[in-house]
Amino acid sequence: MIATIGILGGGQLGRMLTLEAKRMGYRVVTLEPFPNSPTGQIADEQIVAAYDDLRAIGELGARTDVVTYEFENIPLASVLALEADRRIVHPDSTALRLTQERILEKTFVRDCGIPTAAFAAVRSRDELQSAAREIGFPGVLKTTMGGYDGKGQWVVRSPQDVEHAWSEAQRRPLIWEELVAFDRELSIIAARNERGEFVAFPTSENQHDHGVLATTIVPGRIDPSVAERARRYASTIAQRLAIVGTFCVEFFQRGGELLVNEIAPRVHNSGHYSLDATQISQYEAHVRAICGLPLVEPRQFLPAVMVNILGTGAGDTLGGLDELLREQMLKLHLYGKSHAALRRKMGHFTVLGDTIDEALVKAERGRRALRWIDDRAAALR
Ligand code: AMP
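Residues numbered from 1 in each chain as written. Predicted model: local features only at pLDDT ≥ 70, side-chain atom pairs only at ≥ 80, totals over all residues. Heavy atoms only, no water.

Participant: Just checking my understanding: could you explain the overall build of the chain for this structure?
Facilitator: Helix and strand content of the chain: 13 helices and 19 strands. Relative to the globule expectation of 21 Å for 381 residues, the C-alpha radius of gyration of the chain, 21 Å, shows essentially globular dimensions. For the chain, the proportion of contacts with a sequence separation of at least 24, taken over those separated by at least 6, is 63%. Accessible area of the chain: about 16600 Å², with a carbon and sulfur share of 50%. Distance from the positive charge centre (45 side chains) to the negative charge centre (49 side chains) of the chain: 1 Å. (Helix = DSSP H or I, 4+ residues; strand = E, 2+ residues; numbered from the N terminus. Rg over C-alpha atoms; globule rule 2.2 N^0.38 Å. Contact = heavy atoms within 4.5 Å. Areas by Shrake-Rupley, 256 points an atom, 1.4 Å probe, with all protein chains shown as cover. Lys, Arg positive; Asp, Glu negative; His and termini not counted. Charge placed at Lys NZ, Arg CZ, Asp CG, Glu CD.)

Participant: Explain helix 5 (residues 102–111) here, please?
Facilitator: Along an α-helix, residues three or four apart share an orientation, since each turn contains 3.6 residues. What helix 5 keeps buried is the set Arg102, Ile103, Glu105, Lys106, Phe108 and Val109. Two to three positions downstream of the cap, the backbone nitrogen of Ile103 sits 3.0 Å from a side-chain oxygen, assigning the N-cap of helix 5 to Glu101. Within two residues after helix 5, Gly113 carries a phi angle of roughly 80 degrees, on the positive side. (Buried < 20%, exposed > 50% of the residue type's maximum accessible area, 1.4 Å probe, protein only. Polar contact = N/O pair within 3.5 Å; in protein donor to acceptor, adjacent residues only side chain to side chain.)

Participant: How do you make sense of the site of the ligand when you look at a structure like this?
Facilitator: If you check the shell around the ligand, you find 15 residues, and the closest are Lys142, Gln153, Glu178, Val180 and Glu185. Interatomic distance of 3.0 Å between a side-chain N/O atom of Arg102 and an oxygen atom of the ligand. Contacts to the ligand include Glu262, whose side-chain N or O atom sits 3.1 Å from an oxygen atom. Burial of the ligand by the protein chains amounts to 89% of its free accessible area of 470 Å². Within the residue set of the shell around the ligand, elements represented by two or more residues are strand 6 (139–143), strand 8 (174–178), strand 13 (245–254) and strand 14 (257–264). Counted by class, the shell around the ligand contains five nonpolar, three polar and seven charged residues. Taken domain by domain, the shell around the ligand gets at least three of its residues from each of domain 2 (118–178) and domain 3 (184–376). (Near = heavy atom within 4 Å. Nonpolar A, V, L, I, M, F, W, Y, C, P; charged D, E, K, R; others polar. Domains from an automatic or database assignment.)

As structure tokens, this is what we get:
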């Protein structure tokens with residue numbers, strides 16, 4: 001019987017996961033280095049420790065019945081240590097290892113018969129030159145591990161940019177990818193449990209700002225056959241990885257092509273809308289999957305648009321709530337973070353409409369209503 005869930009990571013994904021887990025009657029312990037984290041504010045306990053502190057990791061395992069993570073850049077060694085201690089971790093170390101490293105990940109996807117952008121491993125200057133020659137310009141050079149929200153990536157438009165990107169990358173292991181001239185970025189959130197039940201949420205369309213997700217539109221404005229293909233690819237990936245939990249597959253759509261960019265073995269920013277637009281959220285699906293409960297197919301009530309509320313660096317107080325909250329079909333979520341640094345994810349809102357176009361108009365109105373205010377500067381004036 002599972003009574004207590006452990007979560008590695010203390011951000012907003014862990015917070016929303018905790019809120020759903022608590023609603024379902026579970027206890028939650030999070031491990032996160034920063035005290036009073038977004039997850040820690042809601043969880044029953046927060047162990048304040050580094051993700052690679054194996055003594056603290058052992059304590060997390062001992063205090064909980066199943067461990068999961070809200071962020072895949074946790075050390076693989078921590079998950080391996082938990083497994084060696086016979087603790088249950090979902091998704092397991094096999095899924096984590098594969099999705100932490102871009103070359104392993106893309107090779108796996110290709111081996112599943114699923115297309116990706118052209119790519120090559122870059123471990124030396126020579127390999128960089130040959131990757132650029134074979135795959136061509138423009139390309140994108142990425143660190144193979146540890147990147148998120150567009151960090152650790154350099155677009156290389158011409159042979160003159162190659163040296164610059166190489167020196168910026170500072171000898172870390174790299175991957176060269178073709179820069180895809182996509183029509184849209186899409187993602188699908190899906191979940192699988194130990195019984196092998198698989199369910200998928202509607203395919204969503206994602207718009208980014210400097211590599212950070214800004215807006216998610218659900219369902220994505222795509223042909224049903226493309227949505228069906230996204231679902232099929234997610235199902236193949238789930239089975240081949242034997243993943244247990246909610247996960248996300250990100251795609252580039254270019255004409256009739258659907259290329260996998262990334263697999264995230266966790267709940268995902270592009271699935272936030274499911275808290276308010278489907279009868280089961282990605283977080284509940286994750287709790288059910290890791291706790292051995294049945295999964296049900298998500299049903300969407302109305303078209304939805306999710307807008308991330310990102311910091312700007314201009315101040316830490318969010319203004320415009322009075323106007324935003326006049327919208328009838330809107331749900332606001334704030335993450336309890338005190339400092340709104342530039343492009344930091346501070347919260348989001350989801351707005352529903354009878355049509356996507358209506359939801360988009362409302363979302364734009366909401367976005368324009370909000371602004372960050374520097375209270376201290378205002379008080380001094
Ligand atoms: P990633 O960390 O791989 O998810 O990349 C972050 C964002 O950078 C993506 O959501 C895309 O907007 C952009 N991007 C990454 N890789 C490529 C690529 N090969 N072609 C075009 N855009 C890319």
